[in-house]
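Secondary and tertiary structure notes
Next come the chains, spelled out residue by residue.
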Amino acid sequence: MNLKKISLLLFLAAAFTFMSCSTEDTETTEVALRTKVYTLNSADNAAISGTATFTEKEDGTTTILLSLTNSNNDIHPAFIYLDDVSSTGAVAITLAPIECNCEESTTEVSMLDNGTPITFSELLFFDGNIRVHQSASDLETVIAEGNVGINAINEEAK
């Protein structure tokens, strides 16, 4: 082979190499993270209300942010219970308590308390409700509550 053919082959090989690098999947695949906000209505005190914001995370977990307004300085335990707010279902997920004056808590959720994995999508259709209690020593008093998942969907359809 003559020098021109070798040079041309090397040039074409280099060109294809650079072209193949530039056509690789360079687009980043962004996961559309979703958020769902549920209302927490007052229970025993008409002045207390709040929200529960479920946010999907890239690692598959769900962040649940509880926010209250007009609560007191007690540490308020919070749970996701089975069934809707009118029932007395068992605790499915223990949430971080709402502490001090911040009136907020954040919990990372990837499973139920019994160890069953749960995703954001499954939480959107979960048969449950959230209840925020007055204090650890007064779990009988619910200060805010609201349906989540399928119960909230059914409530909105009424």
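Refer to the structure printed above.
Residues numbered from 1 in each chain as written. Predicted model: local features only at pLDDT ≥ 70, side-chain atom pairs only at ≥ 80, totals over all residues. Heavy atoms only, no water.

**Regarding the environment of Val132**
Rules: Labels follow the DSSP assignment, with helices taken as runs of H or I lasting at least four residues and strands as runs of E lasting at least two, numbered in each case from the N terminus. Whether two residues are in contact is decided by their heavy atoms, any of which lying within 4.5 Å being enough.
Structurally, Val132 is set in strand β7 (residues 127-135). Each C-alpha atom of the pair Val132 and Ile80 lies 9.1 Å from the other, and the pair is 52 residues apart in sequence. Excluding residues that lie within four positions of it along the chain, Val132 makes contacts with Leu40, Leu68, His76, Pro77, Ala78, Ile98, Thr141, Val142, Ile143 and Ala144.

**A closer look at unusual backbone geometry**
Unlike most non-glycine residues, Asn70 shows phi in positive territory, near 70 degrees. Tracing the sequence through the fold places Asn70 in the loop between β3 (62-69) and β4 (76-82). Unusually for a residue other than glycine, Asp83 sits at a positive phi of about 75 degrees. Mapped onto the elements of the fold, Asp83 is located in the loop between β4 and β5 (91-98).

**Let's talk about the side chain of Gln134**
Operational definition: Classification of residues uses two cut-offs on accessible area relative to the type maximum, computed with a 1.4 Å probe and protein chains only: under 20% is buried, over 50% is exposed, and between them is partly exposed. For this analysis, a polar contact is any N or O atom pair within 3.5 Å, provided that within protein one partner can donate a hydrogen and the other can accept it, and provided that sequence-adjacent residues contribute only side-chain to side-chain pairs.
Inspection of the secondary structure puts Gln134 in strand β7. Given the relative accessible area of 16%, Gln134 is considered buried. In this structure the side chain of Gln134 is engaged in a polar contact, spanning 2.7 Å, whose partner is the side chain of Asp74.

**Some remarks on the pattern of salt bridges**
Our working definition: By definition, a salt bridge exists where a carboxyl oxygen of Asp or Glu is found within 4 Å of a side-chain nitrogen of Lys or Arg.
One pass over the structure, following the stated rule, counts three salt bridges. A salt bridge links Glu56 to Arg34, with the nearest nitrogen and oxygen atoms 3.0 Å apart. Here the residue Glu56 occupies a position in strand β2 (residues 49-56), and Arg34 occupies one in the loop between α1 (3-22) and β1 (35-42), the gap between them amounting to 22 residues. Judged by relative accessible area, Glu56 falls into the buried class, the value being 16%. Judged by its relative accessible area of 33%, Arg34 is partly exposed. Lys36 serves as the salt-bridge partner of Glu156, at 3.9 Å between the closest nitrogen and oxygen. Taken together, the residues span a long stretch of sequence, with Glu156 in helix α3 (residues 150-157) and Lys36 in strand β1 at a distance of 120 residues.

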